Amino acid sequence: MSTWRGSTDTKHIVLQDDDDDDWDTDADFVNDISEKDQRWGSKSVAGSLQTDRSIDVGQVRRDVQQRHEQSKRDEYLKGPKASDGYGGKFGVDKGRMDKSAVGFEHRSDLSKHASQTDGAKGFGGKYGVQSDRVDKSAVGFEHRSDLSKHASQTDAAKGFGGKYGVQSDRVDKSAHNFEEQTEINQYKTKIDVKGDVKNFKSRFENFGAAAEEENKKRVAEEKRKREVEFKKQVEDGKKKAEAQQRAEEEQGAREEETIRKQEDEKRGRQNDRAG
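Because the structure is a prediction, the values reported are computed rather than measured.

A. The overall build of the protein, seen in detail. The helix and strand tally for the protein stands at two helices and zero strands. In the protein, which comprises 275 residues, the proportion classed as buried is 4%. Excluding contacts between residues fewer than 6 apart, the proportion of contacts in the protein whose partners are at least 24 apart in sequence is 33%. Total accessible area computed for the protein in this model is approximately 27,600 Å², and 50% of it derives from carbon and sulfur atoms.

Below you can see the structure in the form of structure tokens.
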């Protein structure tokens, strides 16, 4: 086995300096400080070589801690605080307050919920009336209108003449009334008869008088029939009107009873709610 070992030739070059001193000036520094004095400073630093002064490391530590706490306190007092702008003793940042926002001293008038209001308000009577919501064309509860009677409640005999009177504003201008009596001219004829003219004349006059009397009886009978029929109609109308009036009065009584019951139930519910 053969071993290869490399070797390197090193040539040492030695520079020869003919001049022993390259400095322009000669060094005049003398190191006359002992090793102990070197721990306290240097002669070139003024005030560092004061070996007679002892250093209290604990005092230095306390001074550093005190200065640190004072700097932190000053930084806290001068810097922003988490309590700034919350009002009260902490003050308020007015520069950052919203222009549309209200302050803590604002007290708004809260309206009650619909379930907390008086349900009887605005029903009139002892509950009062909401005048701002009353229809301008509506009348109040104190209004009493004069109601005209129904056609079935009026006097059906009105305007039939005789003792019932006549509606003169509705009488036809060309019509005659019952008081008017038309004179009937007797029919005259020229009769050329030989014989007893006087007897013939008397018979003719009697015949005309009988016919006139018959006509009067017939007119009187028809008038009497009309009066009887009219009285019957009047009585029937009065009976119908009275029956309808009684029915309306009964209906009104039932409605008043229903309203009274509803008001009693409402007052009961309000009393239960109040209790």
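B. Molecular detail of the pattern of salt bridges. If you walk through the whole model with that rule in mind, you get five salt bridges. A salt bridge links Arg267 to Asp264; the shortest N-O distance between them is 2.5 Å. Taken as a pair, Arg267 and Asp264 lie in helix α2 (residues 197–274) at a separation of three residues, close to a single helical turn. Residue classification places Asp264 among the partly exposed positions, given a relative accessible area of 33%. One network of salt bridges, in which partners are shared, links Glu257, Arg260, Asp264 and Arg267.

C. Representation of a nonpolar patch on the surface within the structure. On the surface, a nonpolar cluster with roughly 460 Å² of combined accessible area is contributed by Trp40, Ile55, Val57, Val60 and Val64. Structurally, Val60 can be placed in helix α1 (residues 57–78).

The rules we used
Residues numbered from 1 in each chain as written. Predicted model: local features only at pLDDT ≥ 70, side-chain atom pairs only at ≥ 80, totals over all residues. Heavy atoms only, no water. Helix = DSSP H or I, 4+ residues; strand = E, 2+ residues; numbered from the N terminus. Buried < 20%, exposed > 50% of the residue type's maximum accessible area, 1.4 Å probe, protein only. Contact = heavy atoms within 4.5 Å. Areas by Shrake-Rupley, 256 points an atom, 1.4 Å probe, with all protein chains shown as cover. Salt bridge = Lys/Arg side-chain N within 4 Å of Asp/Glu carboxyl O. Patch = residues over 30% accessible without salt bridge, like charges linked within 9 Å, V, L, I, M, F, W, Y side chains within 5 Å.

Read these as geometric descriptors, not functional statements.
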